[in-house]
Amino acid sequence: MALCLTSHEETMLSGRNGPGVQMAMRIVVRMAEVLEVSELLPITQAHIDGCALMSDSSLEFAEKLASSGARVSVPTTLNMIPLDLQNWKKQGVPAEFGHKASRIADAYIKMNCIPTWTCAPYQGFLTPSFGQQIAWGESNAIIYANSVIGARTNRYADFMDICAAITGRVPKQGLHLKENRRGQVLIRLMGIDPGLFAEDTFYPVLGYLVGKRIQDRIPVIEGLDTFANSDQLKALGAAAASSGGIGLFHIIGLTPEAPTLEDAFQGSEPDEIVEFGMNDLLKAMDELSHDAGEGDALDAVVLGCPHFSYTEFQALTEIIHKTGGTLPSGVRLIILTNQLSMALLERGGLKDFITKFGAEIILDTCVFHSPIVSAGAEVIMTNSGKCAYYAPGELNTRVVFGNLEECIHSAMRGKVTRLEGAWKSL
Ligand code: F3S
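Here the structure is a predicted model, which means the values were calculated and not measured.

## Considering the overall build of the protein chain
- Counting its secondary structure elements, the protein chain contains 15 helices and 14 strands.
- In terms of overall dimensions, the protein chain is globule-like: its C-alpha atoms have a radius of gyration of 22 Å, near the 22 Å expected for 426 residues.
- Dimensions along the principal axes, computed over C-alpha positions, put the protein chain at roughly 65 × 55 × 35 Å.
- Expressed as a percentage of contacts within the protein chain between residues at least 6 apart in sequence, the contacts between residues at least 24 apart total 77%.
- Only carbon and sulfur atoms are counted for the fraction: they give 50% of the accessible area of the protein chain, which is about 16900 Å².

## Things to note about the site of the ligand
- Around the ligand sit Met80, Cys119, Glu138, Asn140, Gly304, Cys305, Pro306, Leu336, Cys366, Phe368 and Lys386, and that is every residue in its neighbourhood.
- Here the shell around the ligand takes three residues from strand 10 (residues 300-308), the largest share from any one element.
- When grouped by side-chain class, the residues that make up the shell around the ligand number seven nonpolar, two polar and two charged.

## Describing the nonpolar core
- Of all hydrophobic cores here, the largest spans 65 residues; its most connected members are Leu189, Phe202, Leu206, Leu224, Leu281, Val367 and Ile380.
- The element that contributes the greatest number of residues to this core is helix 7 (residues 202-214), accounting for eight residues.
- Discounting chain neighbours no more than four positions away, the residues touching Ile380 are Leu298, Ala300, Val302, Val373, Cys387, Ala391, Leu395, Thr397, Arg398, Val399 and Val400.
- Core analysis: the next-biggest nonpolar cluster, separate from the first, contains 48 residues, Met12, Ile48, Cys51 and Ala107 among them.

## A look at a nonpolar patch on the surface
- Together, Met31, Val34 and Leu35 give the surface a local cluster of nonpolar side chains, amounting to about 240 Å² of exposed area.
- Take Met31: it is sitting in helix 2 (residues 19-34).

## Looking at the packing of helix 7 against helix 10 (residues 278-287)
- For the pair helix 7 and helix 10, the least separation of the axes is 9 Å and the interaxial angle reads 95°. With respect to their mutual orientation, helix 7 and helix 10 come out roughly perpendicular. Contact with helix 7, carried on its side by Phe202, Val205, Leu206, Tyr208, Leu209 and Lys212, involves Asp280, Leu281, Lys283, Ala284, Met285 and Glu287 of helix 10 and no other residues of that element.

## Some points on the sheet that holds strand 12 (residues 359-363)
- The strand order across the open sheet built from five strands is 12-11-10-13-14, with neighbouring strands paired in parallel fashion. Each edge of the sheet is formed by a strand with only one pairing partner; in this case those strands are strand 12 and strand 14 (398-401). On average, adjacent strands in this sheet sit at an angle of 25° to one another, irrespective of strand direction.
- Note: strand 11 (residues 332-337) against strand 12, five bridges, orientation parallel. From the neighbouring strand, Leu333 faces strand 12, where its bridge partner is Ala359.

## Focus on the environment of Ala375
- With respect to the helices and strands, the residue Ala375 is situated in the loop between strand 12 and strand 13 (379-382).
- Separated by 30 residues in the primary sequence, Ala375 and Glu405 place their C-alpha atoms 26 Å from one another.

## As for the sheet that holds strand 8 (residues 250-251)
- A sheet is described by the order of its strands in space; here four strands give the open sequence 8-7-6-9, paired in parallel fashion. Unpaired on one side and paired on the other, strand 8 and strand 9 (272-276) mark the two borders of the sheet.
- The sheet contact formed by strand 6 (residues 185-189) and strand 9 spans five bridges and is parallel. When the sheet's bridge partners are listed, Leu186 is paired in strand 9 with Ile273.

## Some points on unusual backbone geometry
- Cis geometry is found at the peptide bond from Cys305 to Pro306, where omega equals 0°.
- Of note, Pro306 is situated in strand 10.
- Of note in the backbone geometry, Glu36 takes a positive phi value of approximately 60° without being a glycine.
- In this fold, Glu36 is placed in the loop between helix 2 and strand 1 (40-42).
- Look at Glu36 and you get exposed, because its relative accessible area is 55%.
- We note that Gln266 has phi near 50°; this positive angle belongs to a residue other than glycine.
- Among the secondary structure elements, Gln266 is positioned in the loop between helix 9 (261-264) and strand 9.

The rules behind the values
- Residues numbered from 1 in each chain as written.
- Predicted model: local features only at pLDDT ≥ 70, side-chain atom pairs only at ≥ 80, totals over all residues.
- Heavy atoms only, no water.
- Helix = DSSP H or I, 4+ residues; strand = E, 2+ residues; numbered from the N terminus.
- Rg over C-alpha atoms; globule rule 2.2 N^0.38 Å.
- Contact = heavy atoms within 4.5 Å.
- Areas by Shrake-Rupley, 256 points an atom, 1.4 Å probe, with all protein chains shown as cover.
- Near = heavy atom within 4 Å.
- Nonpolar A, V, L, I, M, F, W, Y, C, P; charged D, E, K, R; others polar.
- Core = buried A, V, L, I, M, F, W, Y, C linked by side-chain atoms within 4.5 Å.
- Buried < 20%, exposed > 50% of the residue type's maximum accessible area, 1.4 Å probe, protein only.
- Patch = residues over 30% accessible without salt bridge, like charges linked within 9 Å, V, L, I, M, F, W, Y side chains within 5 Å.
- Salt bridge = Lys/Arg side-chain N within 4 Å of Asp/Glu carboxyl O.
- Axes fitted to C-alpha atoms, helices over the stretch in contact; angles between N-to-C directions.
- Parallel < 35°, antiparallel > 145°, perpendicular 65-115°, else oblique.
- Pairing = 2+ DSSP bridges.

What follows is the structure, encoded as structure tokens:
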């Protein structure tokens, strides 16, 4: 299928707007040819994951674009960077790695990207609107933008994300088109104790189960008859986009493209119907812990995957107030977050309280891209389905999944501690 370009797109491809724009346009055009689409689609916002410094080529690519005069043509936020830019020297990050990470940050800023450095850009930075065509990287941000907001993006990979931001164009296909956003698999929640819907851990567990079972198709969840807040849906999506390749989910009565089953399936029948009951959820809950459990000595608790919001910090503060005391030495409480949450913490007077308790608040980065968790750590605990899923492979640790209260109680005792709650009473 021949690709038709507008005169503006032809101009970008010709090099008349500079070699950086030409290079980005060549990549977008090549991608469109590989996908066999006939035209490009304008986008009006981007989020870049390519600033993660996955290899030297990430740095070379960004610096080449920046030095060739390429600048983003749409508002563009940046995902986490591989170190805490303010504190990396104090944290013992190797100097060579630190300097390369600083260089990649400079390159993206030079291209006029907004230095948000967060994997949760949808919580307070540049939240897109319903139906807006965008080009986002980072799986948890993509699934949130598509599902919870109803903006439209494919799962853009590193390099392609910045090329879309520079040209303002993507191949016209996939989740950008309404017909491709139709639900494919109906998931019926059957016999779930409604008390579980109030448990924050219900959402990452459900997300993990959905991703594992549905893989990269579009699930439609029926039976979640409750309000779920932004942090809960963030956790659901992050887990579903980790155990599977899901870029969009619908929840009947909750997400904007699914007021009814008919809307979610766009008037057609589901390709498949799957039922999830309590046993499936309990098994999924167990699977999120790997080779560790109650009573095991704990090295670190990791929170904020995706980045902790101000409301999550408020919940943490309440738990610390109840717990009292300070963390014992030897157990680290690592909280990943962004500058916005930090500014609010300072303004809300919570930062000193949380750090005096012994927590380490890490800005702008991620435990899987920066050497934050000590090399010798054996057991970590987290309330994040995404972190629990990746930790054994990426951090080479054993991992325990639990709710926020269990994480804090465990950190205080230095060993994994389960509490009575909705899951344990089942
Ligand atoms: Fe964010 Fe890293 Fe988790 S990028 S979503 S903290 S894996």
